[in-house]
Every structure is written in C-alpha cells, then in structure tokens.
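Here's the letter readout for the chains.
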Amino acid sequence: MAIDMFHNLSAQRIFTLCVEIALLLGLIVPACAHFFLPRLPESAEHEKIELERSADELQQLLETSTTLAVQSALQAAGNYIVQALELLYTKQQIDALSKDEAQWLAGEVLSSQKFGPTGYISAVTANGVIAVHPDTNLVGKNLAEDENISRFIATHQGFIEYNLQPSPQFQDDTSQLAYISYFEPWNWIIVISIPKQDRYSLLDSTYVERQIGYLSTKDNRQRFILYPNGRLWLSPQEKSESADGSGEELPTLIELLQKQKTGFHTYNWLSRNSREYITKGLAFRENPCCNIIVGVSGQLPHTPQWLGLLNHSWIYFTVGVGFFLIFIFLFFRKALILPLHRFIDHTEHAVADLSLLPVNQTKIRECKDLASRINNLITSCIQLNGELQQEEQTSAAIHDQLRTEIVNRKETQHKLLSEIASRKSAENYLLLFKNIFDYANEGIIITDAEQHILAVNQAFSDITGYKPYEAINNRPVMLKSGQHSKEFYEEMWLALRTTGNWSGEICNRKKDGVTYTQWLSISAIKDAADTVTHYCAFFHDITELKNKEQQISFMAYRDALTKLPNRAALETRLTQAISRAKRDKTTVAVFFIDLDNFKNINDSLGHDKGDQVLIQVAQRMLEIIRQEDTLSRLGGDEFILLSEYTESESGIFTLASRLLNCLKQPFVIGPSKIYINASIGISTYPEDGKTTHELIKNADMAMYRAKNEGKNKFVMFTREMHEKFLSHIRIENAIRTGLAKREFIIYYQPKLNAQSEKLTSFEALVRWRKGDQIISPGMFIPVAEESGLIDLMGLYTLEEVCRFLRELQDMKVALYPVSVNMAPRTFNNPEVVETIDRILDDNRLDPRYIEFEITETTAMSDVEHTIATMHRFRHRGIHLSIDDFGTGYSSLSYLSEMPVSTLKIDQKFIRSQNMTKKSIVAAIAAMSRQMSLKIVAEGVETREQLQWLRELGCDEVQGFYFAQPMSETKTIEYINALPGPAGDYVEYE
C-alpha cells in the first residue's frame with residue numbers, strides 16, 4: 001500500500017507545496033519587517049521643505065501685516081477727515097460760513113494734508129469731477145470717462161486699488177491703495193490715497209520683528225529680516241549662536257542674500273556650545289516692493305549611512321527581501337525536493353525487484369511500516385498546508401487593517417496640523433489687533449455696561465496725561481471739564497440708547513487741568529440677546545485744528561492791513577442786519593466812504609506810508625462809531641460802514657458829519673503831516689434797496705455824486721441817480737449794439753482857407769442813426785467816454801472814413817484830407833500805429849489823406865510817449881493836430897518838440913464876445929506863426945468872425961457860416977460842385 005502511494009505521489013505537488021510555503025514566507029517577512037524594524041528618522045530633504053514653507057509663511061506674514069497697517073491708517077485718516085468736514089458743515093448750517101466758504105476751507109485743509117511720504121487726500125463729486133486735489137491743475141477734471149478709475153466713483157466707502165497717472169506731479173503713482181469715504185451733505189467722495197509701492201512706510205517694523213520672534217520660540221528655528229539698508233535683524237535664538245572664526249561668517253551670508261534675493265543655501269556653522277561643525281539650511285524670500293528679505297535657518301539632521309539608505313531608498317530593502325526569498329526557495333528545493341525525488345525513484349526500482357524475489361515476511365512488515373510512516377508524513381504535510389493557507393488569510397486581514405489604520409492616522413495628523421495652523425493664525429490676528437489697539441493714533445477707551453473703564457491704549461495716556469492704572473476701574477467722568485450742560489450729556493446718552501452710536505465735538509480736561517477740544521465717537525457693543533455689554537470710545541485731540549480753523553476764518557473774513565471785516569464778512573453781517581430790520585421794521589444805513597486823492601499819497605510818499613494812513617483812518621473812524629456798528633474795508637481806500645437801528649435821517653447826517661470831521665486833523669506819518677478828506681455816499685434799507693448788492697451799489701453811486709460835486713462831502717442816494725445810472729447802462733448797451741449793427745454814420749464838415757475860402761480838407765464827425773432818427777453826439781459821446789467805448793468808436797470812424805475815401809478814389813472824385821478825432825486811450829495804446837497801418841492797408845489808402853486830432857490834455861499826459869508816437873505817425877505821412885487848444889494845460893517847451901502841424905482853437909473862444917478870450921485867440925495866432933504851425937478856427941458862424949480871424953492871420957476856418965456837417969452823398973455833391981476839373985486830386989502839404 002505504501003509502495004502504491006509512493007507511485008501515486010507527484011513531484012509536481014511537492015513542488016507546488018514548496019512554492020506556497022515560499023510565498024507565505026514572502027508575505028510574512030515584509031510585514032514583520034514593517035512592524036519590527038525601528039522607525040527611520042526624518043530626512044534632510046524633509047527639513048529643507050519645512051524651511052522653504054516657513055520662509056513662505058514669513059513673506060505672507062509681512063504682506064498681511066502691511067495690508068492691515070495700511071487699511072487701519074487709511075480708515076483712521078478717512079474718519080478724521082469726515083469729522084473735520086462735518087465740523088465745517090455745522091458752521092455752514094448756523095450761517096457762520098457760506099457753502100462756498102466752507103468748501104473752500106475744506107479744500108485748503110484736505111490739499112494741505114499729507115499721508116505718509118507721498119500719499120495725499122482728494123475729493124471727487126458724485127459726478128466724477130475732482131473738487132479738491134493737491135495739484136490745482138487737476139481741479140475740475142472729469143474722471144468718469146476713465147475706465148481704470150471710474151469704478152471707484154460709485155464706491156462710497158471701503159478699500160480699493162486702482163491705477164491712475166493724474167499729472168506730472170504724481171506720475172509715479174500708477175498703482176494706488178485708497179480708502180473711500182462719503183460725505184453726504186456736499187455729495188463728496190473723499191479719497192485717501194497712497195502709492196502701493198510706499199505702503200511699507202506705514203509698517204511697524206518692531207511689531208513684525210516681535211511676531212517673527214514669537215514664531216521662533218515655537219519650533220526652535222532661527223528667523224531673520226534683512227532690510228534694504230543692510231541692517232540684519234535676528235531672532236533671539238540666532239543671537240546665542242555666533243561664528244567663532246570658522247564656517248561661513250555673517251558678512252558672507254549677508255552678501256549672498258543681497259545677491260541672490262530668493263532661494264535656499266546650505267552652509268557649515270561652528271557651534272559655540274559643542275565646538276563642532278553643524279550643517280544648516282537657509283531659506284530666504286525677497287518682497288520686491290520694499291526690497292526686504294525674510295528667511296529662516298535650521299539645522300539639517302545627520303543620518304547613519306546604512307539607515308540613510310533605508311530611509312531614502314525603501315526600494316532597496318524590498319529588492320533585498322526578494323533575493324532572500326529566492327535564496328530560501330532554491331535552498332528548500334535542493335535540500336528537500338530533489339532528495340525526495342531520488343527516494344521515490346529508488347523505491348520504485350526496489351518494488352520492481354521485490355516482485356522477482358521470494359516473499360519475505362520480515363521485509364514485508366518493514367515495508368508496511370515504512371508506508372505507514374510515509375502516509376503519516378503526507379497527512380502532516382496536508383495539515384501543514386491548510387494551516388499555512390489560514391495564516392496567509394490572517395496575514396492579509398492584518399495587512400488591510402494596518403493600511404486602514406495608516407490612512408486614518410494620516411487624516412488625523414492632517415486635521416491636527418490644520419487646527420494648529422488655525423490656532424496660530426488666530427493668535428497672530430489677536431496679537432495684531434492688540435498692537436493696533438496699543439499703537440493707534442486715536443485714544444481708545446473700553447468700559448463695561450456700568451461705564452467702568454476696562455482698558456485704555458497708549459494714545460489715551462499721551463492725550464489725557466492719565467496712566468492706564470490711573471484710569472482703569474474709574475469712569476470717563478474723570479475727564480469732564482464742566483463746560484457742557486446737563487442737557488448735553490442727556491442728549492448724548494439718549495442717542496446711545498436709541499441708536500447705539502454717538503459722535504460729536506466735546507471739551508474735556510487733561511490730568512494737568514488744561515482743557516482741550518476732542519472729537520469723540522462712542523459705540524455700544526451688544527451680545528446675541530441685544531443687551532449692551534460694553535462701550536467703546538474713540539477720540540482725538542482737535543485743538544490744533546480748531547486753532548487753524550480760527551486762523552483761516554480770520555484770514556477769510558478780515559482785512560490783512562487794518563484787521564477790519566472784509567467784503568465777505570460785511571455781506572454776511574449786512575444780510576443778517578436786513579433780516580433783523582425786516583422783522584423789527586427798522587432802518588439800516590450803508591455809508592460808502594472813499595478817501596479823496598489818496599492816489600497822490602501813494603505816488604508821492606510810497607505805498608508803505610499810504611498803508612499807515614489807511615490804518616490810522618480806520619482807527620479814527622472806529623473811535624466815533626457805536627459798538628454795534630460794523631466798519632469794513634473793501635480794498636484800496638474804500639470803506640463801508642453798516643449802521644443798524646438808525647431812527648431818522650438827522651441821525652444819519654450826524655454820523656456822516658462825524659465821519660468827515662474825524663478826518664480833518666492831520667495824520668502824522670514820520671516827520672510828515674498829511675491832510676486827507678473823504679467822499680461819502682449813503683443808502684438806506686428799505687427805501688434805497690432791499691438786498692445787500694443793491695444797498696452797496698446805490699451807496700457807491702451816491703459816493704461818486706459826492707466826488708463830482710466837489711468831494712469832502714456826503715450825498716444821500718436818490719431815485720434820480722438810479723434813473724440816470726439805468727439810462728447810462730441802457731445807452732452803453734445800445735452803443736455796443738449799434739457798433740455791431742453799424743448804425744453809426746459819418747458826417748463830413750468842410751475846412752476852408754481863411755483868405756481864399758477854398759476847400760482844404762474835411763473833419764469826420766460821427767452821428768447815430770437809430771431808425772429814422774439821428775441822435776446828436778452830445779447824447780452818446782459822454783457815455784462812450786466813461787465806458788471806454790470811445791476807443792471802438794474811434795477805430796470804427798477811421799474804418800468808415802477810409803472806406804469812403806477809397807470809394808471816392810474808385811469813382812475818380814477829387815480827394816481831400818480828412819481829420820479824425822483820436823480818443824486818449826486809443827492814442828496811448830502801444831500798438832496804435834500798427835492798428836492804423838492795418839486799417840490803411842486793408843483799404844489801400846495813402847496815409848497823407850488822414851489827419852488825427854488829439855486833445856491838449858492827451859498830448860501832455862505822457863509827453864515821452866506822445867512825442868515818440870507822433871514821430872511814428874509823421875514817418876508814415878500822417879499829420880497830427882492839437883484839438884481844443886487853449887482849454888487845457890500845455891507846456892510850450894514840449895509843444896515845440898512835438899511834430900504837430902496844426903493847432904485847432906476851440907469854438908467857445910471864437911463865439912465869445914469877451915475881450916480876454918479874444919486876446920487869447922490873438923496870442924495863440926501869434927505864437928503859432930512864430931512856431932510855423934497852422935491855425936484852424938472852428939465854430940465860425942458870421943462874416944464878422946471870419947474877418948476878425950483873417951486879420952489875426954488864421955489859416956483855416958470851419959463852421960456853419962460855410963457849411964454844416966454833410967452825409968456821404970451830400971459830401972460827394974459838394975466836391976463835384978467845386979470849380980475846377982472833376983477828378984483832380986488835391987495834394988496835401
């Protein structure tokens with residue numbers, strides 16, 4: 001039976017059993033190696049990754065700290081500016097300032113504020129128009145069309161980043177960080193901007209260093225900051241380790257950092273404690289905007305060589321186990337399977353041989369015993385195979401369980417790391433908020449619901465003088481100044497209870513007893529149940545701002561020289577006085593005071609002496625007026641006195657007389673005594689006007705009447721003055737319209753030779769044709785002279801004369817010279833010669849046919865200019881004559897130097913029967929003959945006048961005796977009717 005079993009036993013089954021045993025060993029051995037081999041230490045590569053991550057965290061910490069610092073500073077500045085604007089708006093509401101004045105003051109305050117080294121503050125209207133900007137060239141610019149920045153116009157509050165190049169002054173500010181505040185009363189958007197590249201100027205380096213030092217205490221790594229100026233800050237741990245002359249020195253590392261900017265560096269460092277070289281890794285990052293380099297250094301771990309191979313090359317271990325299993329398999333096959341095959345072969349041969357031998361019972365029993373043992377061995381092998389399969393299944397289950405446990409452990413580790421990072425971030429933010437609280441520029445007070453002070457910051461102590469331990473557990477009432485009423489505090493707490501917020505201006509007292517003004521904002525802090533748990537108050541000292549406001553208000557409403565109210569202050573007070581007079585049905589008097597001949601003082605003594613006279617004049621007038629009256633200075637030598645509650649005209653006359661009498665005493669200016677008078681115009685409410693503008697205008701008009709009537713007197717405004725003024729305005733406007741529509745026409749009056757009575761020339765006289773009516777020059781010439789339109793009228797006359805002469809030339813009609821009156825302002829214009837040349841060239845006219853008449857006063861006003869201009873005219877062939885000679889003042893020496901050809905005697909001398917005036921005409925004629933000047937007499941109306949002028953030797957005459965002024969058509973007929981060939985040209989000598 002044993003022999004049959006041996007025959008049936010297969011070597012393949014034995015080989016398969018061996019393979020299964022080998023595979024089972026292959027599963028058990030790696031598992032045992034995983035659980036029983038010691039845990040490998042962390043590698044140097046892992047430490048490098050950790051250092052790189054720590055360097056990135058440092059750079060992110062620097063960026064986060066900068067962002068929070070910039071936002072805090074921008075928001076604090078925005079709140080401060082809005083509070084300042086609310087203060088000005090309050091002044092506007094109580095009529096202490098007009099809206100334009102309040103906005104002007106606001107613009108001055110905003111444009112003068114600086115934020116950081118290059119930051120600035122501007123204001124933009126809701127329509128996108130710049131209202132306030134440090135660069136005045138940008139004020140009024142519309143930003144709504146700019147796509148890069150139009151989005152912040154609609155943003156009423158918050159932080160933005162935008163690109164803008166507003167002007168050459170701010171051309172580097174391409175990337176701006178800004179905080180937007182909205183001031184609703186004026187519809188202004190307040191923009192506090194700082195260039196993004198300068199935001200690190202607001203960063204507190206001490207805070208960042210403290211944060212980094214805190215991180216170094218957590219993981220025992222050394223952190224550092226390298227500033228652009230080369231200063232190196234090291235965390236406290238780094239300071240304990242220093243180079244002892246071996247390894248890499250600090251200067252070498254600093255030079256490496258400044259050169260590479262960003263990267264990782266490995267170096268050797270000699271430890272002071274162990275006196276051994278250690279290998280360190282250095283990870284560093286540069287922030288390109290501020291050129292600050294941050295980094296972290298740490299020791300790289302030292303690993304044994306064999307353990308390092310396992311740690312870094314797990315695959316080597318796996319390959320080794322595989323070779324080991326192959327070796328066991330080959331050994332098992334050689335030691336067990338091959339001998340077994342040989343045993344079976346020998347057994348088969350032995351059984352074959354036994355069949356030929358005689359049966360031996362002893363041998364048979366031995367064979368049975370051997371077969372039984374072999375069966376037992378086979379049974380044991382089968383049982384062992386089952387046990388091996390069971391162990392294999394158990395090992396697979398354990399492997400799956402271990403894999404699940406590893407995954408769960410990794411997830412738990414990841415969650416733990418995330419929680420640690422969150423806690424660190426929360427701790428950093430808490431520390432950041434504490435630093436913001438401690439280092440804020442505004443004073444901060446935190447109290448409980450019963451108003452007991454729990455905490456104050458450093459700014460509180462700087463402003464009030466109280467130390468934190470002196471304030472904590474006290475109440476804010478310790479700062480009370482006593483300058484506010486009980487109702488003030490009741491309204492404040494009522495607002496806190498109803499709205500939860502209150503802000504306003506309040507006067508408090510410092511520890512040393514000094515009172516100061518502060519802007520206070522209080523907020524109630526509530527819990528989830530809407531119950532007040534704390535109060536938080538922010539305040540800042542605005543005493544300096546109040547002083548500046550008073551100074552600006554004084555400058556805006558006071559005259560810098562006399563310290564009297566200026567025109568803006570006068571108009572405000574006059575408006576209020578009119579309102580009171582309207583309510584109380586009283587009278588308001590306005591005195592317009594103008595000093596007589598004050599220009600002579602400035603011209604003779606100088607403007608400094610003139611300023612001293614104005615100061616003394618203001619002081620004298622202040623001494624005689626009532627305290628409730630307002631004396632103001634408009635400018636120059638003009639003053640206005642506002643007097644309320646005047647009872648009658650006699651009181652007004654008395655006050656005006658006192659004003660004139662106070663100026664009679666001389667003013668002592670140094671060694672000189674100056675006498676001065678004044679002209680006063682008076683208007684009253686409601687008789688002479690019901691608005692500020694009307695009262696000042698009518699008083700000014702009455703003052704000019706006083707000057708025209710001889711000065712040193714006062715004149716009450718009358719309706720006749722107003723009508724005359726309106727008539728003057730209507731005529732002036734009509735003249736402007738008439739010149740534009742060419743309603744003015746030129747009449748020509750002949751001038752004849754006094755002896756032969758032959759035509760020599762014409763004089764151009766302007767007339768105004770209004771419809772079918774011809775208006776006399778006496779109606780519009782004075783108005784034209786007062787308004788300055790006489791210049792335009794003179795050039796208009798010259799153009800019409802040139803046009804008429806050109807038409808005569810084209811018609812082949814004899815040409816005669818024409819004299820044209822030139823106004824003083826036209827003659828004194830530096831470009832008058834060029835203007836005349838242009839007119840003559842446009843009409844292609846010979847200058848010899850034009851003669852200009854200027855008055856005696858014009859000729860003598862600026863002799864040097866007169867002589868130079870006359871020579872320029874004579875160089876062109878234009879003749880000049882002195883009109884109305886004898887009515888003004890002439891210097892014969894200057895007259896002899898002037899290149900004039902004619903003296904024209906005014907008609908009042910010709911028509912007069914007074915012998916003195918006749919003697920004057922005779923003297924003028926005799927003088928003219930001596931000076932070789934031609935004499936022209938105007939206004940000749942009788943034959944006796946002509947004969948008398950002939951006897952005096954007068955050269956030319958003109959007047960109604962010969963011909964009246966004629967239109968252009970009549971003039972052509974007059975020329976054609978003259979004896980002589982038609983079309984002859986008259987040569988003018």
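Conventions and cut-offs
- Residues numbered from 1 in each chain as written.
- Predicted model: local features only at pLDDT ≥ 70, side-chain atom pairs only at ≥ 80, totals over all residues.
- Heavy atoms only, no water.
- pLDDT = per-residue confidence, 0-100.
- Contact = heavy atoms within 4.5 Å.
- Axes fitted to C-alpha atoms, helices over the stretch in contact; angles between N-to-C directions.
- Helix = DSSP H or I, 4+ residues; strand = E, 2+ residues; numbered from the N terminus.
- Parallel < 35°, antiparallel > 145°, perpendicular 65-115°, else oblique.
- Left-handed = near helix turned anticlockwise from the far one by under 90°.
- Phe/Tyr/Trp six-rings, centres within 6.5 Å; stacked < 30°, edge-to-face > 60°.
- Buried < 20%, exposed > 50% of the residue type's maximum accessible area, 1.4 Å probe, protein only.
- Lys NZ or Arg CZ within 6 Å of the ring centre and 35° of its normal.
- Pairing = 2+ DSSP bridges.
- Expected span 1.5 Å × (residues − 1).
- Salt bridge = Lys/Arg side-chain N within 4 Å of Asp/Glu carboxyl O.

1. Details of the confidence of the model for the chain
Moving on, step 1. The predicted model of the chain averages 78 in pLDDT, with 80% of residues at 70 or higher.
Moving on, step 2. Low pLDDT (under 50) marks residues 34-41, which in the prediction has 10 contacts with non-local residues, meaning those over four places away or in another chain.
Moving on, step 3. Predicted confidence for residues 166-173 stays below pLDDT 50, and this span has 15 contacts to residues more than four positions away or in other chains.

2. Remarks on the packing of helix α15 (residues 567-584) against helix α19 (residues 692-708)
Moving on, step 1. Remark: α15 packs on α19, axes separated minimally by 9 Å, with the N-to-C direction vectors making an angle of 115°. Classified by the angle between their axes, α15 and α19 sit roughly perpendicular to one another. Classified by chirality, the crossing of α19 by α15 is right-handed. Residue-level contacts link Arg-567, Leu-570, Glu-571, Leu-574, Thr-575 and Ile-578 of α15 to Thr-692, Leu-695 and Ile-696 of α19.

3. Topic: the packing of aromatic side chains
Moving on, step 1. Applying the stated rule across the entire model yields 17 aromatic pairs.
Moving on, step 2. On the basis of an interplanar angle of 90° and a centroid distance of 6.0 Å, the ring pair of Phe-488 and Trp-502 is categorised as edge-to-face. On the criterion of sequence distance, the pair formed by Phe-488 in helix α13 (residues 486-499) and Trp-502 in strand β14 (residues 501-509) is long-range, its members being 14 residues apart.
Moving on, step 3. With a centroid separation of 6.4 Å and 75° between ring planes, the pair formed by Phe-762 and Tyr-974 is classed as edge-to-face. One end of the pair, Phe-762, is in strand β25 (residues 759-770); the other, Tyr-974, is in helix α31 (residues 968-976), with 212 residues separating them in the sequence.
Moving on, step 4. Residue Phe-762 is classed as buried on the basis of its relative accessible area of 3%.
Moving on, step 5. Its relative accessible area of 21% is what places Tyr-974 among the partly exposed residues.
Moving on, step 6. Here the aromatic cluster, defined as three or more aromatic residues joined through ring pairs, consists of Tyr-89, Phe-183, Trp-186 and Trp-188.
Moving on, step 7. Sitting over the ring of Phe-667, Arg-620 keeps its end group 3.8 Å from the ring centre.

4. Some remarks on the pairing of β25
Moving on, step 1. For β25, a buried count of 10 out of 12 residues is recorded, marking the element as mostly surrounded by other parts of the structure.
Moving on, step 2. Summarising the sheet, strand β24 (residues 744-753) and β25 pair through 9 bridges and their orientation is antiparallel. Bridged to Lys-751 within β25 is Ser-761.
Moving on, step 3. What sits between the antiparallel neighbours β24 and β25 is a turn of 5 residues, in which Glu-757 has the positive phi angle 60°.
Moving on, step 4. The pairing of β25 with strand β27 (residues 818-821) spans 2 bridges and is classified as parallel. Bridge pairing in β27 links Phe-762 to Val-818.
Moving on, step 5. By the bridge criterion, 3 bridges tie β25 to strand β26 (residues 773-775) in an arrangement that is antiparallel. The residue bridging Arg-769 from the neighbouring strand is Ile-774, located in β26.
Moving on, step 6. Turn length for the β25-β26 hairpin, with the two strands adjacent in sequence and antiparallel, is 2 residues, and the turn residue Gly-771 shows positive phi of about 70°.

5. Focus: α19
Moving on, step 1. The terminal C-alpha atoms of α19 lie 25 Å apart, and with 17 residues this matches the ideal 24 Å at 1.5 Å per residue to within 8%.
Moving on, step 2. Regarding α19, the residues found buried are Thr-692, Leu-695, Ile-696, Asn-698, Ala-699, Met-701, Ala-702, Met-703, Ala-706 and Lys-707.

6. Remarks on the pattern of salt bridges
Pairs can form between side chains of opposite charge whenever their charged atoms are close.
Moving on, step 1. Summed over the entire model, instances satisfying the criterion amount to 37 salt bridges.
Moving on, step 2. The salt bridge partner of Glu-57 is Arg-53, with a shortest N-O separation of 2.5 Å. A residue pair is termed a helical-turn pair when its members lie 3 or 4 positions apart in one helix, as Glu-57 and Arg-53 do in helix α3 (residues 44-93) at 4 residues.
Moving on, step 3. Judged by its relative accessible area of 41%, Glu-57 is partly exposed.
Moving on, step 4. Residue class for Arg-53 comes out partly exposed when judged on its relative accessible area of 40%.
Moving on, step 5. Between Arg-626 and Glu-628 there is a salt bridge; the shortest N-O distance is 3.6 Å.
Moving on, step 6. What makes Glu-628 partly exposed here is its relative accessible area of 45%.

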